[in-house]
Amino acid sequence: MLRIDTEQMRAIEAAAERAYPAECCGLLAGFAEDADALRVSRVVISRNVTTSDARDSFEVDPQVRFDLMRACDAGAGERLIGHYHSHPDHPAKPSARDLAMAFEPELVWVIVGVADGRADCAKAFRLGSDGKAFREIELQVRPSTDGRTS
């Protein structure tokens, strides 16, 4: 399960709508709440630096990732737990390209479907232990507390 605050989810959806018709992307930092649940502590928006067609691919700016990894409070258990991206005019489910680019099985993938410029659905996924397919995990959007976006 992935727990995320309403404010954080709205920031991701707004980024998806702003980027349309291209894909947006960014990172998720957070904590393991227990063996089966992660909680997002911050959403970090990145520009999409892909050299491919940005309408169907994404690449997080490496500097954004380095900065986040330095900023995580490792002593408190905060770490990079995943990333997000949008699928313009396609469903919120992993594509063949997503599967081909899934190199870190411990990270969660949040995908936002965007139809005609409006975010319409978000889902969370993890790469299966065999590395050959994604499995959907529960995405629990909770009322905002002190969730951060950057």
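Anyway, here's the lowdown on the structure attached to this text. (Residues numbered from 1 in each chain as written. Predicted model: local features only at pLDDT ≥ 70, side-chain atom pairs only at ≥ 80, totals over all residues. Heavy atoms only, no water.)

### Looking at the pattern of salt bridges
Stage number 1. As enumerated under the stated definition, the model contains seven salt bridges in all.
Stage number 2. Put simply, Glu33 and Arg3 hold a salt bridge, and the shortest N to O gap is 2.3 Å. Of this pair, Glu33 sits in strand E2 (residues 25-34) while Arg3 sits in strand E1 (residues 2-5), placing them 30 residues apart in sequence.
Stage number 3. For Asp67, the salt bridge goes to Arg70, with nearest N and O atoms at 3.3 Å. One end of the pair, Asp67, and the other, Arg70, are both in helix H2 (residues 62-71), three residues apart, so they sit about a helical turn from each other.
Stage number 4. The class of Asp67 is partly exposed, set by a relative accessible area of 40%.
Stage number 5. Each of Arg3, Glu33 and Arg39 takes part in a single network of salt bridges with overlapping partners. (Salt bridge = Lys/Arg side-chain N within 4 Å of Asp/Glu carboxyl O. Helix = DSSP H or I, 4+ residues; strand = E, 2+ residues; numbered from the N terminus. Buried < 20%, exposed > 50% of the residue type's maximum accessible area, 1.4 Å probe, protein only.)

### Topic: the layout of surface pockets
Stage number 1. By volume, the largest pocket is sized at about 500 Å³.
Stage number 2. Forming the walls of the largest pocket are 23 residues, and the residues nearest its centre are Phe58, Glu59, Val60, Met101 and Phe103.
Stage number 3. For the lining of the largest pocket, the elements supplying multiple residues, two or more each, are H2 and helix H3 (96-100).
Stage number 4. The leading source of residues in the lining of the largest pocket is H2, at three residues. (1 Å grid on protein atoms, 1.4 Å probe; cavity = no way out; pocket = protein on both sides within 12 Å on 5 of 7 lines; lining within 4 Å. Points joined across faces, edges and corners; volume = space filled by probe spheres on them.)

### Some thoughts on the packing of aromatic side chains
Stage number 1. Going through the model one piece at a time under the given rule, you end up with three aromatic pairs.
Stage number 2. An angle of 70° between the planes, with centres 5.1 Å apart, marks the rings of Trp109 and Phe134 as edge-to-face. Here Phe134 lies in strand E7 (residues 134-137) and Trp109 lies in strand E5 (residues 108-115), a separation of 25 residues in the sequence. No difference in accessibility class separates Trp109 from Phe134, as the two residues are buried.
Stage number 3. Considering the side-chain rings of Phe125 and Phe134, the 6.5 Å spacing of their centres and the 75° angle between planes classify their relative orientation as edge-to-face.
Stage number 4. Since its relative accessible area comes to 17%, Phe134 is described here as buried. (Phe/Tyr/Trp six-rings, centres within 6.5 Å; stacked < 30°, edge-to-face > 60°.)

Function cannot be read off these values alone, since they describe shape.
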